[in-house]
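Chain by chain, the residues run as shown.
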Amino acid sequence: MTRSNGIFVSRARLIRKRLNPLLKEWGLTAYVLRHSMLAVIGTLIVFSFVFIAIFGTRLAPYNPTSTTIQERFQPPSGSHPFGTDKMGRDVMSRMLAGAQHSIKAGAIVLAIAVPIGVLLGGIAGLFGGWVDELLMRITDVFLAFPSLVLAMSFSAALGPSLFNAMIALSIVWWPMYARLVRGQALAVRETSYVEAARSRGASNWHIMFRHILPNCLSPILVTLTMDMGWVITAAAALSFLGFGAQPPMPEWGRMVSDGRIYMLSAWWVSVFPGLGIVLVVLGFNLLGDGIRDALDPKLRRLTEVKWSRKKISSSSKG
Amino acid sequence: MESKENLLVVEGLKTQFFTYGGVVEALDGVDFEVRRGETFGLVGESGCGKSVTATSILGLVAKPGRVIEGRILLNDEDLLQMSSKAMNRIRGSKMAMIFQDPTSSLNPLFRVGYQVAEPYIYHQSRRKRRALHDAMRMLEKTGLPDAEEKTKNYPHELSGGMRQRTMIAMALTCEPELLIADEPTTNLDVTIERQILDLVADLKRDFSASVLWITHDMAIVAQLCDRVGVMYAGNIVEKTDVRSLFRNPKHPYTVRLLRAIPSSVSTAEELEEIPGSVPRLIHPPTGCRFHPRCDHAMEICSQIKPVAREIEPGHLVACHLYNEGGETDGGGVV
């Protein structure tokens, strides 16, 4: 009994010992993030946005799609904080219910575009030569068009729906990641640890997944966070132009579009969803900036000194 | 020569780099062999093609470069005829390399133990846990203090000597028959260098491997090697056992090279040097590539490339001074 207990204790100690440096790293990351005011604001915005996206439909005081024609164009008031639109639907309820579509659009577009871009970029950078040439010329073709115009033409060809808009945006979005990863791959390919790995018989795939992709992780993470905001705007823009979400779906871009003819008489119909979009983009950008700073080794080193000093002083006080 | 004796035979190896400035003839017909269980030293100035020889053997010559002709036989199998898949299997399991700079040769993102364990996982398909354990044992064998703890460290947390031990452990994981060491002690201080040299000598014996040791340091050659090839501008100019290299050097380049070693007992005021510098290999000198810097240059030297001749048993020299026709000075270089 005592013997097994001893083993258990030593195992627990071992686990703690292994986890400690990791916890320290995370602690430091959290510290850097916490100490940048803007990053905190960004995080708060993003978290509340995610919260709304998950629980929005349940939080909405009114049914977001039921119309009450008598209450159309009510200005913001106690019962309708953001007013009502041309069908008498509560704008706030529609915004709460619509958040999920925006976040879904962002997540799905990036979930399709990023793996494609990363894989193609990695292949281009690793193999080089004609493979690189071919893949990069294809990405050049995609990057040559303004992305929104290209996305518009794709979604017009596919037919207007939010799902097709997401497909269209994915097609437009991957080349940026391909470029990003290719650049990184070209640099990593030449390092001597890749040469060393080859000298031990590592295959190309092994080098791709063990050396190149892990080295791309932090720039991808930063770009991903910032892009989340931009994809949401782009999806909203497509909806605004009539390619994305179709009525009566409560999508923010669509709501801005619906209200734009009443801008002078009933500003609230467009302005609140518009503000919502701005806020979300801002939030993701601030968070992305914060993550970039937190992952920057130079900045980390500086803050680490401050951090440890603070810890020492607080522990000596306690 | 019986192939049983020779582990690695390199014959007429020519590697060239096709750059924008022209074709760089980095290796111009390199011949040597590494016998089983011996340490063969490859010495020469920087830029003479030592490292290119190593990468050519491994089949890892960087992009504008290509092996033009020659044969590289490892256990009688020509590596140059092999598919890249077959080469991947041989690299790491049959031959492995220790690199110059252990700092940049370790991926900063992964723990040391895992990096050492990788060849076990990929070449011998051991399970991860088992591989990590074996990696730890291997690190212990290379004399890494506190190996069990160190396996969980990242490369930047280790000192230069520890990193080089890690590199050696990585190279030895699958017990290769041929270990290629490309100046593995250049970035280390002399005490650590000494330890690493002893370590490689010990491990060579334990694993009954052969070592191809690439260096510019004659002291290392004297300590470590059984036989030596002296390289100059992409050629092996002299090849012999280590004893006769130091006692009885034949090629004018070798002679000058040995004279250029600083000595603690020598009373000479100034260190001797070899006049001139290593030729650019885009337009290498015609004939013998050493002739512009050679004290004994004759007319024939600029016209005909000398062929390596066995002037004593096991002692090969590529110099016109030792040809029957060209023996004007009676071979009296020394």
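Everything quoted here is computed from the prediction, not taken from an experiment. (Residues numbered from 1 in each chain as written. Chains lettered and ligands numbered in written order. Predicted model: local features only at pLDDT ≥ 70, side-chain atom pairs only at ≥ 80, totals over all residues.)

Focus on unusual backbone geometry
Next, step 1: The amide bond that connects A:Pro247 to the next residue, A:Pro248, takes the cis arrangement and shows omega of 10°.
Next, step 2: For B:Glu175, which is not glycine, the phi dihedral falls at a positive 50°.
Next, step 3: Relative to the assigned elements, B:Glu175 resides in the loop between helix H6 (160–172) and strand E7 (178–182). (Helix = DSSP H or I, 4+ residues; strand = E, 2+ residues; numbered from the N terminus.)

Description of the sheet that holds strand E2 (residues 22–35) of chain B
All names here are of chain B.
Next, step 1: Judged by pairing direction, the sheet is antiparallel, and its four strands sit side by side in the order E2-E1-E4-E5 without closing on themselves. The open sheet has two free edges, formed respectively by E2 and strand E5 (77–78), since each of these has just one partner strand.
Next, step 2: Pairing of strand E1 (residues 6–19) with E2 involves 11 bridges; the strand directions are antiparallel. Pairing of Lys 14 across the sheet is with Asp 28, part of E2. (Pairing = 2+ DSSP bridges.)

Re the sheet that holds strand E9 (residues 227–232) of chain B
Residues and elements named next belong to chain B.
Next, step 1: Across the sheet, eight strands lie side by side as E6-E7-E8-E3-E9-E10-E12-E11; this open sheet has mixed pairing. The open sheet has two edge strands with one neighbour each: strand E6 (95–98) and strand E11 (309–312). Between one strand and the next, the sheet's axes are offset by a mean angle of 20°, whatever the strand orientation.
Next, step 2: The sheet contact formed by E9 and strand E10 (residues 235–241) spans six bridges and is antiparallel. If you follow Arg 227 over to E10, its bridge partner there is Asp 241. (Axes fitted to C-alpha atoms, helices over the stretch in contact; angles between N-to-C directions.)

Focus on the domain arrangement of chain B
All names here are of chain B.
Next, step 1: One can read the domain layout of chain B as domain 1 (6–94 + 176–275) and domain 2 (107–175).
Next, step 2: One C-alpha centre belongs to domain 1, the other to domain 2; they are set 26 Å apart.
Next, step 3: With 14 residues of domain 1 at the contact, the number on the domain 2 side is 12 residues.
Next, step 4: Per-element accounting of the side of domain 1 that touches domain 2 gives the leading share, seven residues, to helix H7 (residues 190–207). (Domains from an automatic or database assignment. Contact = placed C-beta atoms within 7 Å.)

Thoughts on the packing of helix H3 (residues 112–123) of chain B against H6(B)
Residue and element names in this part refer to chain B.
Next, step 1: Their axes nearest at 8 Å, the elements H3 and H6 cross at an angle of 20°. By the angle between their axes, H3 is roughly parallel relative to H6. Seen from above, H3 lies across H6 with right-handed handedness. Touching Val 112, Gln 115, Val 116 and Pro 119 of H3 are Thr 166, Ala 169 and Met 170, all from H6.
Next, step 2: A breakdown of the residues in the contact of H3 with H6 according to their chemical character gives five nonpolar, two polar and no charged. (Parallel < 35°, antiparallel > 145°, perpendicular 65-115°, else oblique. Left-handed = near helix turned anticlockwise from the far one by under 90°. Nonpolar A, V, L, I, M, F, W, Y, C, P; charged D, E, K, R; others polar.)

Looking at H6(B)
Next, step 1: Helix length check: H6(B) (13 residues) gives 18 Å between terminal C-alpha atoms against 18 Å at 1.5 Å per residue, within 8%.
Next, step 2: Judged by how many residues are buried, H6(B) sits mostly within the fold: 12 of 13 residues are covered. (Expected span 1.5 Å × (residues − 1). Buried ≥ 20, exposed ≤ 12 C-beta atoms within 10 Å, placed from the backbone.)

Observations regarding the packing of helix H8 (residues 204–240) of chain A against helix H9 (residues 252–259) of chain A
All names here are of chain A.
Next, step 1: For the pair H8 and H9, interaxial distance at closest approach is 7 Å and the crossing angle is 40°. Here H8 lies oblique to H9, going by the angle between them. Considering how the two elements wind past one another, H8 and H9 form a crossing that is right-handed. On H9, the residues that touch Ala 235, Ala 236, Ala 237, Leu 238, Ser 239 and Phe 240 of H8 are Trp 252, Gly 253, Arg 254, Val 256 and Ser 257.
Next, step 2: The residue inventory of the contact of H8 with H9, partitioned by class, reads seven nonpolar, three polar and one charged.

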